[in-house]
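Working through the structure, step by step
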Amino acid sequence: MKRGVLVLFILLVSFVSAQGDPWPTFHGNNQRTGLSSYDTSKVDGTLLWTFKAGAGVESSIAINKEGTLYFGSHDGYLYALNSDGTLKWKTKLGTPIEKTHYGHLISIGSSPALGKDGTIYLASQDQFLHAVSSEGKEKWKFSIGHSFDAWASPAIGNDGTIYITSSKPKAGLYAITPKGKEKWFYGAGANMFNSPTIGKDGTIYVGMPSGPKTNEIVAIRSEGKKKWIKTTSLFLESTQPISEAETVHIVSFSVGE
């Protein structure tokens, strides 16, 4: 059970970067490696501050080059915090709904992704992908089928295209322009829950079900055409990181005897 408290450990690292946003997306980069370029060898574990959101927090944090921290909460708000833990702004994007088999409210589980112009992209359980300005104003929203049990986070290509997975009634992978228009759609055979990964050459990688008991890791070119498919009998729900050697790593559900 998630608590309505977000505890941030500020690790004595400067987040201001001339190279761009230091942590712009889920797992830090489009290859989803989760690796930081900052030296944390002097971190002593001191807790500098905490911030309490209005409901549970399952969204990961994105950080821009000014040090602003962004995350979503199950109270339906996208939060922006200053680097000292004070509230900068919050914007209502989702409507909390009751997740009866767990007994707690859900609204935004998606982690934000930051565009080069500072736009924040994330999905809500209302079945929308939202685009929000760095000042907290909603710019547009795009309707997707986004299951109540999905936590997919967007990935943003070098040309600004936003990629996000979806669930029924239209399950698959969307490519959406920075203006909020559908660019292309690659269909799946069932609901999707994971976040797409982008290789350095622009190829999009995603695990998706092709049927009730068959699943695939799919490589898709930036224009929406299939590059290759690897079939597996196991359900692929996790996000697939890409190593420096351009190796795609996948894990799957285990299957009982």
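Everything discussed here concerns the structure shown above.
Residues numbered from 1 in each chain as written. Predicted model: local features only at pLDDT ≥ 70, side-chain atom pairs only at ≥ 80, totals over all residues. Heavy atoms only, no water.

1. Topic: the overall build of the chain
The number of helices and strands found in the chain is zero helices and 20 strands. Residues classed as buried in the chain amount to 49% of the 257 residues present. A separation threshold of at least 6 residues defines the contact pool for the chain, and within that pool the share at least 24 residues apart is 44%. Of the accessible surface of the chain, which amounts to about 12,600 Å², a share of 52% is contributed by carbon and sulfur atoms. (Helix = DSSP H or I, 4+ residues; strand = E, 2+ residues; numbered from the N terminus. Buried < 20%, exposed > 50% of the residue type's maximum accessible area, 1.4 Å probe, protein only. Contact = heavy atoms within 4.5 Å. Areas by Shrake-Rupley, 256 points an atom, 1.4 Å probe, with all protein chains shown as cover.)

2. Concerning the sheet that holds strand 11 (residues 128–132)
If you trace the four strands from one edge of the open sheet to the other, you get 9-10-11-12, paired in antiparallel fashion. Each edge of the sheet is formed by a strand with only one pairing partner; in this case those strands are strand 9 (113–114) and strand 12 (138–143). Here strand 10 (residues 120–124) runs beside strand 11; their pairing, made up of five bridges, is antiparallel. Its bridge partner being in strand 11, Leu122 is matched across the sheet by His130. (Pairing = 2+ DSSP bridges.)

3. Notes on the packing of aromatic side chains
Per the counting criterion, the structure on display carries 10 aromatic pairs. Here the aromatic rings of Tyr70 and Trp89 are separated by 5.9 Å at their centres, their planes lie at 45°, and the arrangement is tilted. You can see Tyr70 sitting in strand 4 (residues 69–72) and its partner Trp89 sitting in strand 6 (residues 87–92), a full 19 residues away along the chain. Pairing Phe142 with Tyr174 gives two aromatic rings, centres 5.3 Å apart and planes at 75°, and the pair type is edge-to-face. Residue Phe142 is located in strand 12, and its partner Tyr174 is located in strand 15 (residues 172–176); the two are separated by 32 residues in the primary sequence. You'll find Phe142 and Tyr174 in the same group, each marked buried. Taken together, the ring pairs connect Phe51, Phe71, Tyr77 and Tyr79 into an aromatic cluster. Positioned over the ring face of Phe128 is Lys141, at 4.4 Å from the centre of the ring. The residue whose ring lies beneath Lys170 is Phe185, and the NZ or CZ to ring-centre distance is 4.6 Å. (Phe/Tyr/Trp six-rings, centres within 6.5 Å; stacked < 30°, edge-to-face > 60°. Lys NZ or Arg CZ within 6 Å of the ring centre and 35° of its normal.)

4. Structural notes on the side chain of Thr91
Its place among the elements puts Thr91 in strand 6. Here Thr91 falls in the buried class, since its relative accessible area comes to 13%. A distance of 2.5 Å separates the side chain of Thr91 from the backbone oxygen of Gly136, its partner in a polar contact. Excluding its chain neighbours within four sequence positions, the residues that come into contact with Thr91 are Gly76, Tyr77, Leu78 and Gly136. (Polar contact = N/O pair within 3.5 Å; in protein donor to acceptor, adjacent residues only side chain to side chain.)

5. Overview of the environment of Tyr174
Judged by its relative accessible area of 4%, Tyr174 is buried. Tyr174 sits 30 residues away from Ile144 along the chain, and the two C-alpha atoms are 8.3 Å apart. If we skip the residues at most four places from it in the chain, Tyr174 touches Phe142, Ser143, Ile144, Ile162, Tyr163, Ile164, Ser166, Glu182, Trp184 and Phe185.

6. A few points about the side chain of His130
As for its placement among the helices and strands, His130 is situated in strand 11. Assessed through its relative accessible area of 1%, His130 is described here as buried. Within the structure, the side chain of His130 is placed 2.5 Å from the side chain of Glu138, a separation counted as a polar contact.

7. Focus on the nonpolar core
Ranked by internal contacts, the top residues of the largest apolar core, which has 14 residues, are Leu129, Trp140, Ile164 and Ile176. If you list the elements that add at least two residues to this core, you get strand 10, strand 11, strand 12, strand 14 (162–166) and strand 15. Apart from the residues within four sequence positions on either side, Trp140 is in contact with Tyr121, Leu129, His130, Ala131, Ile162, Ile176, Thr177, Pro178, Lys179 and Gly180. (Core = buried A, V, L, I, M, F, W, Y, C linked by side-chain atoms within 4.5 Å.)

8. A look at the pairing of strand 5 (residues 77–81)
Of all five residues in strand 5, four are buried, a share of seventy percent or more. In this structure, strand 4 lies alongside strand 5, joined through four bridges in antiparallel fashion. By the bridge assignment, Phe71 is partnered in strand 5 with Tyr79. The loop that links strand 4 with its antiparallel partner strand 5 comprises four residues; one of these, Gly76, has a positive phi angle of about 95°. Across five bridges, the pairing between strand 5 and strand 6 is antiparallel. Its bridge partner being in strand 6, Leu78 is matched across the sheet by Thr91. Linking two consecutive strands that pair antiparallel, namely strand 5 and strand 6, is a turn of five residues; a positive phi of about 90° is found at Gly85 within it.

9. Quick look at unusual backbone geometry
Note that the residue after Lys168, namely Pro169, is joined by a cis bond; omega there is 20°. Within the element layout of this structure, Pro169 appears in the loop between strand 14 and strand 15. In this structure, Gln127 takes a positive phi of about 75° despite not being glycine. Note that Gln127 resides in the loop between strand 10 and strand 11. Under the relative-accessibility criterion, Gln127 is labelled partly exposed at 31%.

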